[in-house]
Amino acid sequence: QVQLVESGGGLVQAGGTLRLSCAASGTIVRIDDMNWYRQAPGKQRELVAGSTNDGSTNYADSVKGRFTINRDNAKNTVYLQMNSLKPEDTAVYYCYAAIWSSWYTVKDYYWGQGTQVTVSS
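First, a word on what this report is: a plain description of the structure on this page. Quick caveat: nothing in here was measured; it's all calculated off a predicted structure. (Residues numbered from 1 in each chain as written. Predicted model: local features only at pLDDT ≥ 70, side-chain atom pairs only at ≥ 80, totals over all residues. Heavy atoms only, no water.)

Side note on the pattern of salt bridges
Pairing of side chains with opposite charge becomes possible as their charged atoms draw close.
And then number 1: Under the criterion given, the structure shown has 6 salt bridges.
And then number 2: Taking the shortest distance from any N to any O, the salt bridge between K107 and D32 comes out at 3.0 Å. Of this pair, K107 sits in the loop between strand 9 (91-100) and strand 10 (108-111) while D32 sits in strand 4 (residues 30-39); the two residues are 75 residues apart in sequence, bridging distant segments of the chain.
And then number 3: Note that R38 is salt-bridged to D89, the shortest N-O span being 3.0 Å. Remark: D89 occurs in the loop between strand 8 (77-82) and strand 9 and R38 occurs in strand 4; sequence separation between them is 51 residues. (Salt bridge = Lys/Arg side-chain N within 4 Å of Asp/Glu carboxyl O. Helix = DSSP H or I, 4+ residues; strand = E, 2+ residues; numbered from the N terminus.)

The structure is reproduced here in structure tokens:
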């Protein structure tokens, strides 16, 4: 059984910083994509930042230059460094990962439980 556990959310003033972490645990052979999504009240869940196993990254236009995704493959952990936060960044942030638990089955996709980020003006 694989789990994704997020941490690091909270309340911060506009212009502040937060760092989110997401650690995968369980039977893991390999992790492909590890991404961060967010969902604000009344809005659809959207991709914030993505990372591949070989180090490629991509970002939503709204966070480029402010957020940085990086991962520690040895620890099965992905981070999201969020700088210059804005009130519109307020949302529940979710970690997502594509994980192989065995080379003899297809990979599965997992979501974390979500962590609240609130940016006050």
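After that view of the structure, there is still more to cover.
Some remarks on the pairing of strand 3 (residues 18-25)
And then number 1: Relative to strand 3, strand 1 (residues 3-7) runs antiparallel, the two being bridged by 5 bridges. Within strand 3, the position partnered with S7 by the bridge is S21.
And then number 2: Note: strand 3 against strand 8, 6 bridges, orientation antiparallel. Within strand 8, the residue paired with A23 across the bridge is T77. (Pairing = 2+ DSSP bridges.)

Things to note about the side chain of R71
And then number 1: Along the polypeptide, R71 turns up in strand 7 (residues 67-72).
And then number 2: Despite being buried, R71 has no salt bridge partner; D33 is the closest side chain of opposite charge, sitting 5.8 Å away.
And then number 3: A polar atom in the side chain of R71 sits 2.8 Å from the backbone oxygen of D32. (Buried < 20%, exposed > 50% of the residue type's maximum accessible area, 1.4 Å probe, protein only. Lys, Arg positive; Asp, Glu negative; His and termini not counted. Polar contact = N/O pair within 3.5 Å; in protein donor to acceptor, adjacent residues only side chain to side chain.)

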